[in-house]
Each structure stands twice: as C-alpha cells, then as structure tokens.
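Here is how the chains run, residue by residue.
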Amino acid sequence: MSTPAVRTLARQARRAPACLASCSSLSRSPQPPAPSARNYASAACAPLSHPRAPAGPVQGRSSARSFGQPLPSTHPHLLAPGELTPGITAVEYEQRRRRLVDRLEDGAVVVIAGGKTKYMSQNIFYRFRQASNFWYLTGFEEPDSALVLDSSEKGYRMTLFCKSKDPYDELWNGSKTGLEGAREVFGADESVDSVHFGRRLQSILQDRSGPVYIDLPPLSPTTFSRTRPRTSATRSFLDYLSSGGSKKDEVDELMGALDKRDVRSAAKEVERLRLIKSDAEAKVMRQAADISSAAHAKVMRFARPGLTEHQLVSHFAYHTSMRGATREAYVPVCGSGEQALTIHYLDNNRPLKQGEMVLLDAGCEFGGYASDITRTFPVSGSFSTAQKHLYEAVLRVEKACITHCHASANLSLEELHRISVDLTRTELRDLGFHLRGGDLERVLYPHFLTHPLGVDLHDTMSFGRNEKIEAGMVITIEPGIYVPPLAHFPKGFHNLVVRIEDEVLVRDDDQVVLSINAPKELADVEACCQGLLDGVAGREDPWEQQK
Ligand SMILES: [Mn+2]
C-alpha cells in the first residue's frame, strides 16, 4: 500500500478501542460485514469499518447547525442511532462501497462526482437533490462533492471531496458537514476540499495502475471546451472541475492523465448493485410506498366535480409532505376524462366532471427512494357500467402479471410485458373490441408494462429489458387500456382510460406488493371515494384542514 494508506492504517489501529465502542453504541442492530474476496487488514477496525464515533474536535457537536444534513445526534426524530439516512446505516453504506470495489480489479480507481446545484433562473436555485450513484455509496447530501475509491489487494481507501466549513458561507447557506465530519461521520479515510479535486485525484491516479472507473453521463458528444473539444466521456469531470475552483492547467493535466488510462463506466458497476435491494432498502421503499398509498386514498376521497386536476395533485403533495416525504419522485400525471389518453399529461389544469374517471400517477421520494403508483377512480365516487368493465379488465391483467414476478419464473421484463400484451388482447376481445393490426400495441396499450424502481424512478437505465428479473429487485407492474374515439372501437368505451400501477418486490418464489395500501379492488376504490374506508360516508370538504 502507498504511504498515506499505511498512515491511515496506523491511525485506525491507535483508535481501535474507541472505534469498537462506537460500533456497538451507534448501531441499532449491526450486521456482520459481508464476506469479502479481499484480504482486509483488520476485521474489527480496519480503515474500512464504519461507523466511527465522532472524535477530537467533532466530539460534543450536537447542535443542529453542525452538519450539512440530518444525523441521529441532531435529528433523532428522523434517524435511528447508526443511520446516515432514514433506514440505512453507516455500516450498510460501507458494505455498498466494499461490494463495489470487490467487483473490480486490484488497483482500480473509482471516481464519482456528486450533484451540483441547478438553477431555475439566474441565481434562483432548485432544491438540491444528490446524484443517485454518489448518494448510494455515501449517503452524503451536499452539492459539489465527489467520491474516490482507490483499491489494492488490501482493500480500499475512500477520499471524500466536499466543502470546508466556512462561517460566512454557513451563515447564509446553512451548516456544512466539513472535512472532519466527512471522515468521522461518513467514514472517509481522507477528506479534501473540493477545490483541490483535480490535484488530489491526479496524485491518487499516480499511486494506482488499474482501470479508472468514472461516471460517464449518457450524453452525445459535446462542444464544451476549456482548451479543445471533449467527448461526452469527460463532460461531467470538466463541468465539475470548471466550477470547483480547479485551474485550467490542472484540468488539462488531469485530462492528459486520464487519456493514458483504461477508462470505464463507474455508473454501470454501481447500478448493478443498486438493482438488488437489501432488507433495509425494501423497508424504506415500503415506507415510501405507504406514504404515497395513503395520499392516493386521500385524493380519491377529496376528488369531486368542479375541482381541478391541479388541486388533486396539490392534495397528493400535501399529504406526502406531511408524512415526511422529501419531494415528489416525478412530475405527477393527473388526467381526468379524455386527458388521460395522453400518457405523459402534465398540464393538470382541467376541471373534473361528473361521470369521468381520473387517472393519477404520482409517488413521493422518501429517505432517498422513489415510489411510483397509479390509480384510476371515478370523480363521482361510482364507476359507470362501461368504466367498471374496463377497470376490471385492467385489474385482472395487473394481478395476473404480478403473480409472475418471482425469480424462479425466470422471466425478463420483455417476457413479462409479452404476457401483459396477451392478457390485454384477450380482455379487449371479451369486451367486444375487434382488433386490427397495430391497434393493441400502438393505440390501446402503447407503453411498456414495467421498469425497475429504487433510488431513481427508472432504477436503473442500464438494466436491459431482456435481462431476467432477480430476487431483491423492485419493479413496477402497470398495464393500461386507452380507448380513443375511433369508429371501430365500441362506442361505450370511447375516451375511457384505466391504468393501474403497483410496486412489486421480487422474491425467489413469490413477491410483495409494496403499494398494497393504495385502494385497488373496484369496491375498495368506490368505498374510498365515498368516504366509507374512513368509516364515514360523504366526500371530504376540500377546504377543510387536512390531517
Ligand atoms: Mn411507473
């Protein structure tokens, strides 16, 4: 190992007793680290063991102003002891990094940039959301950060680049975790101010001869340039360096160094890990789904003729936010009547009419995980006969598809989709549709059945439709039928749309529907709309204070 690594080992060894004490006091139920292919220096308190107790100057910092994000010491109402983000412990974050490095060659270097603040206009910023892969490996929620993992046969070293604490900046923009916090709380072996990113990365690259895994954005070639045109492969780094304070020479030197290396995609490697959810992740995703499910039920009861789609969306956001959701996982689709024929209808500005159905595709993000649920319900609280028939048809397809969501079925997403197409064809024929070529898959059911779900709504894009589903994946199942007013379709179904979407945790021989609490059976949907699921008949007063 290089000299800095040895120094880190020595520092850790001296701290061994404190570290062990902290492991037991911080962890709610510490999981033994997964067996590793590598020969780590010390099982008990190697440089890789997390979490460690705050030590030195960090000790005693209990004020909520001391870190850049909630932690158990400052926000015990949000985080249990040992957790870095809701439901996910520092130990689990370390296991993720270890699993990533174990997939790669000795001497490999992994470099992953965090997210940057995005602006709506001028200096008016959007609420920050951390880059998914960086967040998955660190739980660190500050912008302008980066992670470098450099590996050897002994294990790996973690370098976290972030902002130093700066009283003036913190006065305006809130607390930062700072360099000490990055080491003591987030488990970095070394923490470096982001302005030194280029320089420090170069020296790490010199110490390691293996491939360099960097997060390649899937962009077309860009003309972004500081000295000469670059390809998409280096875009994120140039973006990062150009505003991180790195000088032009430094950028050129680093790019020159990378040009000579075996450069590969880090995202692809991290995304393979993200596909399979741990028990802790499944629990957080269940919480996210529960929050969204409760809000869907609230919207069903709230809806009535005269309200607008926008008011339903606001009601949904209110209820998820009140239950602790961070944000919406995506811009919701709320289409009443024929508006629902537009699959990505986002205007959400039409008044609801008596006799129509509303399609609401909405889900919150909670604890860093997305939820994604669609329900279709009647504005008036009761389905018409045609609406009932269409709803029951889609529901049968949805429930049948869910029963195939287990690893032993050995099905790919594409194969699951084919099953849904065949089932939908049968249902449509039973409803009296005479299908012409292209009607089914281009008009009546024009989208795909499923996608993986997790930190991202499409979690992750690198999972191919022809890959088999595995135990631990969470996927959506979302069949639908969309009937435009074409003469050869039965008139009674014109302009009717039904989509039903659930989140399904795939297991070896069965599955768990995480969104089980969003009313779905026809009788339950009507009862929910009518207030009967709350035990009280009648619609909710839309202007009444909601709880
Ligand atoms: Mn979806």
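Here we summarise the structure given alongside this text. (Residues numbered from 1 in each chain as written. Predicted model: local features only at pLDDT ≥ 70, side-chain atom pairs only at ≥ 80, totals over all residues.)

Points about the packing of helix 11 (residues 279-302) against helix 16 (residues 522-529)
Describing two packed helices takes the angle between their axes plus the distance from one axis to the other. Defined as follows: Whenever a helix is involved, its axis is fitted only over the stretch in contact; in every case the axis is a line through C-alpha atoms, and angles between N-to-C directions fall within 0 to 180 degrees. Counting from the N terminus, the helices are the DSSP runs of H or I reaching at least four residues and the strands are the DSSP runs of E reaching at least two. Placing C-beta atoms from the backbone, we regard two residues as in contact once those atoms come within 7 Å. Each residue is assigned to one of three groups, with Ala, Val, Leu, Ile, Met, Phe, Trp, Tyr, Cys and Pro labelled nonpolar, Asp, Glu, Lys and Arg labelled charged, and all others, Gly among them, labelled polar.
Direction vectors running N to C along helix 11 and helix 16 enclose 65°, while the axes themselves pass 7 Å from each other. For the pair formed by helix 11 and helix 16, the contact residues are Ala297, Met300 and Arg301 on the first element and Val525, Cys528 and Cys529 on the second. Residue composition of the contact of helix 11 with helix 16, by class: five nonpolar, no polar and one charged.

Comments concerning the environment of Arg465
Put simply, the rule is: Counting other C-beta atoms within 10 Å of a residue's C-beta gives its exposure: the residue is buried at 20 or more, exposed at 12 or fewer, and partly exposed in between, where C-beta atoms are placed from the backbone.
Relative to the helices and strands, Arg465 resides in the loop between helix 15 (439-444) and strand 17 (474-477). Its 14 C-beta neighbours within 10 Å are what place Arg465 among the partly exposed residues. In sequence terms Arg465 and Leu413 are 52 residues apart; their C-alpha atoms lie 5.0 Å from each other. Setting aside anything within four residues of it in sequence, one finds Arg465 in contact with Ser412, Leu413 and Glu414.

Observations regarding unusual backbone geometry
Residue Thr460 is bonded to the preceding Asp459 through a cis peptide linkage, with omega at 15°. In this fold, Thr460 is placed in the loop between helix 15 and strand 17. With phi around 60°, Asp144 is a residue other than glycine that occupies positive phi space. Note on placement: Asp144 falls in the loop between helix 4 (132-138) and strand 6 (146-152). Taking the C-beta count within 10 Å as the criterion, Asp144 has 20 such neighbours and is therefore assigned buried. The phi torsion at Asn348 lies on the positive side, around 50°, for a residue other than glycine. With respect to the helices and strands, the residue Asn348 is situated in the loop between strand 12 (333-336) and strand 13 (357-362).

Details of the nonpolar core
Note the cut-off: For the purposes of this analysis, a nonpolar core is taken to be any set of buried Ala, Val, Leu, Ile, Met, Phe, Trp, Tyr and Cys residues that are connected through C-beta atoms within 7 Å. Where each domain begins and ends is defined by an automated method or by a domain database.
Counting 118 residues, the largest nonpolar core has Val110, Val111, Ala303 and Val358 as the members making the most contacts within it. When residues of this core are assigned to domains, at least three fall in each of domain 1 (3-272) and domain 2 (276-534). When residues no more than four places from it in sequence are discounted, the contact partners of Ala303 are Leu312, Leu352, Val358, Phe377, Val379 and Cys529.

Considerations on the environment of Arg96
Positionally, Arg96 belongs in helix 3 (residues 90-103). Remark: the alpha-carbon pair of Arg96 and Leu137, spanning 41 residues in sequence, is separated by 6.1 Å. Those residues in contact with Arg96 that sit more than four places away from it in its chain are Tyr136, Leu137 and Leu273.

Some words on the sheet that holds strand 3 (residues 109-113)
This is how the line gets drawn: Strand pairing is assigned whenever DSSP identifies at least 2 bridges connecting the two strands.
Pairing is mixed across the open sheet formed by six strands, whose spatial order is 8-7-6-3-9-10. Because the sheet does not close on itself, it has two edges, and the strands there are strand 8 (190-193) and strand 10 (263-265). Each strand axis lies, on average, 20° off the axis of its neighbour in the sheet, ignoring direction. The sheet contact formed by strand 9 (residues 212-214) and strand 10 spans three bridges and is parallel. Its bridge partner lying in strand 10, Ile214 is registered against Ser265. Here helix 7 (residues 197-207) sits on the sheet in contact with strand 3, strand 6, strand 7 (155-162), strand 8 and strand 9, set at roughly 10° to strand 6.

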